[in-house]
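# What the coordinates show
Each chain, letter by letter, is given below.
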Amino acid sequence: MNLYRRTNTGSKRRLIAMTLLVIVLFVFDILSGGKVRALAQSATANISTTSARLFSDLKYSGLFSTRAHLAAQNQALESRVAHYQEQAAAYQALKQENAQLQTLAHLAQDNTGTTTPIVSSPRSSPYGTFLIGAGSADNIKHNALVLTDDGFAIGRVTDVSTHTALVSALFAPDSKINALVGGTSVIFTGQGGDNARAQVPRGVAVSVGDIITSRSVSGRPIGIVGKVESNPADAYSVVLMRLPQNTSSLRFVFVLSGTQ
Amino acid sequence: MRISIAIIGFLGIALAPWWIPALCMILLSLRWAALEAVLIGVFMDLIWQGSGMLTSTSWHTWPLFTLFGIALLWGFEPLRRRFLF
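Residues numbered from 1 in each chain as written. Chains lettered and ligands numbered in written order. Predicted model: local features only at pLDDT ≥ 70, side-chain atom pairs only at ≥ 80, totals over all residues. Heavy atoms only, no water.

## What to know about the interface of chain B and chain A
- Every contact between the two is made by 37 residues of chain B and, on the other side, 39 residues of chain A.
- Both sides together, the interface formed by chain B and chain A hides about 3300 Å², and carbon and sulfur atoms give 71% of it.
- For the pair chain B and chain A, the number of links is zero salt bridges.
- On the surface where chain B and chain A come into contact, there are nine residue pairs in polar contact (both at pLDDT 80 or more).
- Mapped by element, the contributors of at least two residues to the side of chain B that touches chain A are helix 1 (2–15), helix 3 (35–48), helix 4 (64–75) and helix 5 (77–84) of chain B.
- The element that contributes the greatest number of residues to the side of chain B that touches chain A is helix 3 of chain B, accounting for 10 residues. (Contact = heavy atoms within 4.5 Å. Buried area = accessible area lost by both parts, 1.4 Å probe. Salt bridge = Lys/Arg side-chain N within 4 Å of Asp/Glu carboxyl O. Polar contact = N/O pair within 3.5 Å; in protein donor to acceptor, adjacent residues only side chain to side chain. Helix = DSSP H or I, 4+ residues; strand = E, 2+ residues; numbered from the N terminus.)

## Some words on the pairing of strand 5 (residues 165–169) of chain A
Residues and elements named next belong to chain A.
- Buried residues dominate strand 5, accounting for four of its five residues.
- Both strand 2 (residues 129–132) and strand 5 contribute to a ladder of four bridges, which runs antiparallel. Within strand 5, the position partnered with Thr129 by the bridge is Ser168.
- Where strand 4 (residues 153–160) meets strand 5, five bridges bridge the pair, whose relative direction is antiparallel. Paired with Arg156 across the strands is Ser168, a residue of strand 5.
- Where strand 4 folds back onto strand 5 in an antiparallel hairpin, the turn is made up of four residues. (Buried < 20%, exposed > 50% of the residue type's maximum accessible area, 1.4 Å probe, protein only. Pairing = 2+ DSSP bridges.)

## So, the sheet that holds strand 3 (residues 145–147) of chain A
All names here are of chain A.
- Taking strand neighbours across the sheet as the criterion, the six strands line up as 1-12-3-4-5-2 in an open arrangement whose pairing is antiparallel. Sheet topology places strand 1 (113–117) and strand 2 at the edges, where each strand pairs with a single neighbour. For this sheet, the mean inter-axis angle between neighbouring strands, taken without regard to orientation, is 35 degrees.
- Where strand 1 lies against strand 12 (residues 252–256), five bridges are found, and the strand directions are antiparallel. Within the sheet, the bridge partner assigned to Thr115 lies in strand 12 and is Phe254. (Axes fitted to C-alpha atoms, helices over the stretch in contact; angles between N-to-C directions.)

## Considerations on helix 1 of chain B
- Spanning 14 residues, helix 1 of chain B covers 20 Å between terminal C-alpha atoms, matching the ideal 20 Å at 1.5 Å per step.
- Where helix 1 of chain B is concerned, the buried positions are Ile5(B), Ala6(B), Gly9(B), Gly12(B), Ile13(B) and Ala14(B). (Expected span 1.5 Å × (residues − 1).)

## Things to note about the nonpolar core
- Counting 40 residues, the largest nonpolar core has Ile132(A), Val157(A), Phe171(A), Val181(A), Phe188(A), Ile212(A) and Ile222(A) as its most contacted members.
- By size, the runner-up hydrophobic cluster in this structure holds 22 residues, among which are Ile5(B), Ala6(B), Met25(B) and Trp32(B). (Core = buried A, V, L, I, M, F, W, Y, C linked by side-chain atoms within 4.5 Å.)

## Here's the deal with the packing of aromatic side chains
Residue and element names in this part refer to chain B.
- A full pass over the atoms with the stated rule returns one aromatic pair over all chains.
- Residues Trp18 and Phe65 carry aromatic rings whose centres are separated by 6.4 Å and whose planes lie at 85 degrees to one another, so their mutual orientation is edge-to-face. Of this pair, Trp18 sits in the loop between helix 1 and helix 2 (19–31) while Phe65 sits in helix 4, and the two are 47 residues apart along the sequence. (Phe/Tyr/Trp six-rings, centres within 6.5 Å; stacked < 30°, edge-to-face > 60°.)

## Some details on the packing of helix 2 of chain B against helix 4 of chain B
Residue and element names in this part refer to chain B.
- The interhelical angle for the contact between helix 2 and helix 4, taken along N-to-C directions, is 20 degrees, at an axis separation of 10 Å. Classified by the interaxial angle, the pair formed by helix 2 and helix 4 is roughly parallel. For the pair helix 2 and helix 4, the crossing hand works out as right-handed. Counting all contacts with helix 2, which are made through Ala22, Met25, Ile26 and Ser29, the residues of helix 4 involved are Phe65, Phe68, Gly69 and Leu72.
- Of the residues contributing to the contact of helix 2 with helix 4, the split by class is six nonpolar, two polar and no charged. (Parallel < 35°, antiparallel > 145°, perpendicular 65-115°, else oblique. Left-handed = near helix turned anticlockwise from the far one by under 90°. Nonpolar A, V, L, I, M, F, W, Y, C, P; charged D, E, K, R; others polar.)

## Remarks on the packing of helix 3 of chain B against helix 4 of chain B
Residues and elements named next belong to chain B.
- Direction vectors running N to C along helix 3 and helix 4 enclose 170 degrees, while the axes themselves pass 7 Å from each other. In terms of axis orientation, helix 3 runs roughly antiparallel to helix 4. Contacts from Val38, Gly41, Val42, Met44 and Asp45 in helix 3 reach Leu64, Phe65, Thr66, Gly69, Ile70 and Leu73 in helix 4.
- Residues belonging to the contact of helix 3 with helix 4 are distributed by class as follows: seven nonpolar, three polar and one charged.

## Considerations on unusual backbone geometry
All names here are of chain A.
- Here the phi dihedral of Asn143 falls at roughly 75 degrees; this positive angle occurs in a residue that is not glycine.
- Located in the positive-phi region is Ser218, a residue other than glycine, with phi close to 60 degrees.
- On the secondary structure map, Ser218 appears in the loop between strand 9 (211–214) and strand 10 (220–229).
- Classification of Ser218 as partly exposed rests on a relative accessible area of 45%.

In structure tokens form, the structure reads like this:
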């Protein structure tokens, strides 16, 4: 009984100590102006970038090619061809990257800002956020608007450290954004995964593919109508909004220099 | 085993979908009174949840993973005591 009590008290003390440690960590982060947060975000950006590079190297090294593929290569003595294929694949990757950068360059002609890479996977975050590889050293400001290469607003910078910044997606789960669709102002609720939904009066003409803009991002487009769910018995139609391209396929974004 | 799960959990914060660290937190808390489980939750929130986002009306702005970690730590304690001591 005595041993049970001692064990019980000891484990409770340990749990209390752990809980207090967590509170101390959060308080320290707040008092230090987010230093713990910034350090953790920089480390995450470094880990993500390094692992992406490693994955890319492994992919092109042919280490994980299938046995059948390797056998076919051996039969035809295609070591040189494989080399050229590797070069061609790398060229394709660079071509895609270049095309996206060219589009961003067009965007940069009309707006002042910074083109920056996305350094984390959007699916890692449960809060609809992602990390970009530019920070206060690159003139990234808190609350700056983040655009895709085709000019769609996708988020705002919420945390800035020296070389990285955290972007909160406009359609983060449960977030609300005022938008214009079919000439009517409606409130879209973020669903996560680049999607949002809103109720629109049935009389408003909305069709799939219509561009949706928002005054809260200076009238820029924030998405397109992906689907309209309408029931004759209801006074409202449900409009589902999506981005023309998935953010997880984006490699670069354009961060505006102001906070417009 | 504990170290492996903790490493997967910590790396999962940066590299894996969010449910991997959550799963590691559950596995760690089931067997041990693991500080790592809570720390995984804390770092999930510190890294992915921007500062100054906390509002009482929107549940998604709360540090969910930290709260989840603490809940696991305390919630599984009777279970651990019952079966492991």
